[in-house]
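Coordinate analysis (summary)
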Amino acid sequence: MPSPTSPSSWRDAPIFGRIRLYQGDITRLDTEAIVNAANTSLLGGGGVDGAIHRAGGPAILEACRQIRARQGGCPPGEAVLTPGGRLPARYVIHTVGPVWQGGHKQEPELLARCYRNSLALAEEKQLESVAFPGISTGIYGYPKAEAAAIAVREARTFLAEHAFPATVVFVVFDEEARRFYEQALQT
Ligand code: AR6
C-alpha cells in the first residue's frame, strides 16, 4: 500500500464517477495539474499558495510574473496556467477565489467560475488529471459545506460534457472538509 503522502496515492483514493476524493497535501500529487488558490496579484501568499510556491520553486513565480506583465494579474473567477517547476505535477492552474463577504456579493457565481475556468484550461491542454484544493475555504473564509457543493456540482457538469480532464481529484486537508465533500458527492 502506498503511504498517504506518496505522490501516486491519489489513484487509490475513493472514486465517485470520474471524481476522486483525496486527503493530504496537494503539493505532493502527481496529477497532471494541480490548482492553486491564488490571489489577484499572482505573486504568492499564504495557505496552499505559499505551499505550492515553496515546493515548486522559482519557475512558477517567474511564469506568474510574465502573465502579470501581459495581463496585469488575474481577476476573481478567472484562471491561468503555468509550469509546475519542481512539483510532481506538470502544471499549476492558478485561480482566484472570491473573498467571502456574507454571500451576496456574487461569491457563489465567482467560485463556480473558478472551477469552470480551471477545468476549461485542463480541457484545452487535454490533461488527464487535475487536483483542486477547496478554493476560498481557508483565508478567504468561504463556508466549507457550500463551497464543496459548488465544487462538486461544477465538476460533474463539466465532466458530463467533456472527455478531458479524465479525472478530477478533490483534495481535503482535514476530516471536516472530507465529510462535506462526501456529502456533496453522495447526493
Ligand atoms: N494541500 C491541500 N489543501 C491545502 C493545503 C495543502 N498543502 N494548504 C491549505 N489547504 P487557502 P483561500 C487548504 O487559505 O481561502 C493565500 O494567501 C485549506 O485547508 O490556501 O482561497 C492566497 O495568496 C483550505 O481548505 O486559500 C490568497 O491571498 C484551502 O486549501 C488567499 O490565501 C484553501 O485555503 C486565498 O485564500
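Whatever comes next refers back to the structure up there.
Residues numbered from 1 in each chain as written. Predicted model: local features only at pLDDT ≥ 70, side-chain atom pairs only at ≥ 80, totals over all residues. Heavy atoms only, no water.

A closer look at the overall build of the protein chain
Per the secondary structure count, the protein chain includes five helices and seven strands. Counted from the first residue to the last, the protein chain has its helices and strands arranged as β-β-β-α-α-β-β-α-β-α-β-α. The globule rule puts the C-alpha radius of gyration for 187 residues at 16 Å, and the 15 Å found for the protein chain is close to it. Here the protein chain holds 187 residues, and 47% of them are scored as buried. Contacts in the protein chain between residues far apart in sequence, at least 24 positions, make up 66% of those at least 6 positions apart. Carbon and sulfur atoms form 52% of the exposed surface of the protein chain, whose accessible area is close to 8600 Å². Seen as two clouds, the 19 positive and the 19 negative side-chain charges of the protein chain have centres 4 Å apart. (Helix = DSSP H or I, 4+ residues; strand = E, 2+ residues; numbered from the N terminus. Rg over C-alpha atoms; globule rule 2.2 N^0.38 Å. Buried < 20%, exposed > 50% of the residue type's maximum accessible area, 1.4 Å probe, protein only. Contact = heavy atoms within 4.5 Å. Areas by Shrake-Rupley, 256 points an atom, 1.4 Å probe, with all protein chains shown as cover. Lys, Arg positive; Asp, Glu negative; His and termini not counted. Charge placed at Lys NZ, Arg CZ, Asp CG, Glu CD.)

Some words on the nonpolar core
Among the nonpolar cores identified, the biggest contains 34 residues, and Ile93, Tyr115, Val130, Phe132, Val168, Phe170 and Tyr181 are the most heavily contacted of them. At the level of secondary structure, the elements contributing two or more residues to this core comprise strand S2 (19-23), strand S3 (33-38), strand S5 (91-96), helix H3 (107-124), strand S6 (129-132), helix H4 (144-161), strand S7 (167-172) and helix H5 (175-186). Per-element tally for this core: the top contributor is H4, with eight residues. In this structure, Tyr115 is in contact with Phe132, Pro133, Gly134, Ile135, Ala151, Glu154, Phe170 and Tyr181, ignoring residues within four places of it in sequence. Listed in part, the 21 residues of the second largest apolar core include Leu29, Ile34, Leu87 and Val171. (Core = buried A, V, L, I, M, F, W, Y, C linked by side-chain atoms within 4.5 Å.)

Some points on the packing of aromatic side chains
Enumeration over the complete set of coordinates arrives at five aromatic pairs. Taking the centre distance of 6.3 Å and the plane angle of 70 degrees together, the rings of Tyr115 and Phe170 count as edge-to-face. Taken as a pair, Tyr115 in helix H3 and Phe170 in strand S7 lie far apart in primary sequence, 55 residues in all. We note that Tyr115, like Phe170, is buried. Taken together, the aromatic side chains of Tyr115, Phe132, Phe170 and Tyr181 make up a single cluster linked through ring pairs. (Phe/Tyr/Trp six-rings, centres within 6.5 Å; stacked < 30°, edge-to-face > 60°.)

Focus on the site of the ligand
Taken together, 21 residues lie near the ligand, and Asn39, Gly46, Val48, Asp49 and Thr137 sit nearest. Residue Asp25 places a side-chain N or O atom 2.9 Å away from a nitrogen atom belonging to the ligand. In the model, an oxygen atom of the ligand is placed 2.7 Å from a nitrogen or oxygen of the Thr137 side chain. Protein burial of the ligand: of its 700 Å² of free accessible surface, 89% is covered by the chains. (Near = heavy atom within 4 Å. Polar contact = N/O pair within 3.5 Å; in protein donor to acceptor, adjacent residues only side chain to side chain.)

Structural notes on the environment of Phe170
According to the relative accessible area criterion, Phe170 is buried, its value standing at 0%. Measuring from C-alpha to C-alpha, the distance between Phe170 and Gln23 comes to 8.3 Å, with 147 residues separating the pair along the chain. If sequence neighbours within four positions are ignored, Phe170 has contacts with Ile19, Arg20, Leu21, Tyr22, Tyr115, Phe132, Ala151, Val152, Ala155 and Tyr181.

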